Amino acid sequence: MSVSPSSTAVLVVGGGIAGLEALMALHDLAGDRADLTLVAPDPDFTYKPLIVEEAFSLQPAERRELEPWAGEFGASFTQGAVAGVHPDDHAVELEDGTRMDYGVLVVCMGGRARPAYRSATTFRVTGEPLPIDALLERAAQDDSRTLAFVAPPGVSWPLPIYELALMARRRAEEGGHREIRLTVITPEAAPLVMFGRPASDAVAELLRVRGIDVHGDAYVSESDEGELFLGPGHHPLEAGAVVALPVIEGPALPGLPADEHGFIPIDEHARVPGADDVYAAGDGTTFPIKQGGLGTQQADAAAEHIAASLGAPIEAQPFHPVLRGQLITGAESLHLRHDLTGGHGEGSVSADYLWWPPHKVAGRYLAAWLAHEAPGADLEPHGRPLDVEIALPREWHERPMALDPYEPLEVDD
Ligand SMILES: Cc1cc2nc3c(=O)[nH]c(=O)nc-3n(C[C@H](O)[C@H](O)[C@H](O)COP(=O)(O)OP(=O)(O)OC[C@H]3O[C@@H](n4cnc5c(N)ncnc54)[C@H](O)[C@@H]3O)c2cc1C
């Protein structure tokens, strides 16, 4: 039984995937019981999962203006960056010194991306798109004829590295560079193994057919001089160019608890322990997989709990992680689905739809809203969503919030 917050002012921090989902869920579930405000430093929402295509299509990823969007959901919008929280006073402080009071706070600030290597080209979600043609050219001129794609050890989201490699293969062929070797280096035991064995096998087969080598259970390290080595074994990494994903760190927001990398701990209702009426969701939390779909599920769990504490007649369900991914391949897309707390079964993979609307981030509210706004939104799904449960290690079922964010995830064969 939760205690009602002292005020109905609900402040959502962050205009990304988890923040938008939280706000839409609160609007739906709490209605007039909550006075909603969104605070974010950028005026726009950027649909990050599509940024991977920018280098190939030269089209910017989908963006939406936040202020009118917030208004649609009965919320006001403040443009600003939160610099710290004073949980005892129920207030946040913005970087410009402004103080904002809250009855309930939902922190969805995302993670902080840090380059993993100085001498690799880091795939960034802000700034200039990846210079893919120049990288392919450098690879073509090197004796190794190799362009390497590296997922670093530590917290990262590996899916884009496969998308980049697959789209680079297509680009290399279009540019007459059939001789270029493309190789993916990853600490995962097998490609995208977190989606379960059938999905991982399907991705591995797709990579094989497209002539992309995979070094699994491998990692890249860098010497002080900026030389890259492939481990285990510490061999020099032979490649004309190297593209690496960044490492993700937590927001380390002053006033809130954090682990040693700045991630905010949450419980199964997305509450932050030790800070009354504070919730967090998305990449900034300690949950080990940093993925938009999981962020929306945490945001939904928070919204349900908040709505119930404000008197809405609903029973708040705990966060139940289901991993859904859509792999952009440069041709057709592959849909991957895996229930992280299920119990039996093996996950699924399909070139057809496994969920609906078929958005890359399968948030309950976000995907519906994005689909509603998109052309072709009235199309019927081609395939029915499949519900599959998976055999996973016992601790995944019992205490998903206690998983170690720094341990590579593996599933049983
Ligand atoms: C290339 C790529 C491909 C991906 N593909 C997929 C995919 O296929 N499926 C999937 O589910 N996920 C995918 N992801 C992961 C997904 O994008 C993230 O997990 C998701 O964006 C996390 O949501 P979030 O709301 O926690 O953070 P974000 O979406 O990063 O949003 C954080 C928000 O907080 C704001 N903010 C930052 N600092 C402050 C501050 N001080 N005060 C106030 N606001 C602040 C930011 O401006 C932003 O609005 C992909 C990611 C990348 C980079």
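Notes on the structure follow. (Residues numbered from 1 in each chain as written. Predicted model: local features only at pLDDT ≥ 70, side-chain atom pairs only at ≥ 80, totals over all residues. Heavy atoms only, no water.)

1. Some thoughts on the side chain of His177
Assignment of secondary structure puts His177 in the loop between α5 (159-174) and β13 (181-185). On the accessibility criterion, His177 (16% relative accessible area) is buried. Those residues in contact with His177 that lie beyond four places of it in its chain are Glu137, Ala140 and Ala172. (Helix = DSSP H or I, 4+ residues; strand = E, 2+ residues; numbered from the N terminus. Buried < 20%, exposed > 50% of the residue type's maximum accessible area, 1.4 Å probe, protein only. Contact = heavy atoms within 4.5 Å.)

2. Observations concerning the packing of aromatic side chains
For the structure on display, the rule yields 4 aromatic pairs. On the basis of an interplanar angle of 45° and a centroid distance of 6.2 Å, the ring pair of Phe45 and Tyr47 is categorised as tilted. For the pair Phe45 and Tyr47, a shared accessibility class is recorded, and that class is buried. Between Trp69 and Phe73, the aromatic rings sit 5.2 Å apart at their centres with planes inclined by 45°, giving tilted as the arrangement. Linked through ring pairs, Trp69, Phe73 and Trp369 together constitute an aromatic cluster. The cationic tip of Arg64 hangs over the ring face of Trp369; the distance from NZ or CZ to the ring centre is 5.0 Å. (Phe/Tyr/Trp six-rings, centres within 6.5 Å; stacked < 30°, edge-to-face > 60°. Lys NZ or Arg CZ within 6 Å of the ring centre and 35° of its normal.)

3. Overview of the sheet that holds strand β17 (residues 235-236)
Across the sheet, which stays open at both edges, the 3 strands sit in the order β15-β16-β17 with antiparallel pairing between neighbours. Every other strand in the sheet has two partners, leaving β15 (219-222) and β17 as the edge strands with one partner each. Here 4 bridges tie β15 to strand β16 (residues 228-231), and the two strands are oriented antiparallel to one another. By the bridge assignment, Val220 is partnered in β16 with Leu230. (Pairing = 2+ DSSP bridges.)

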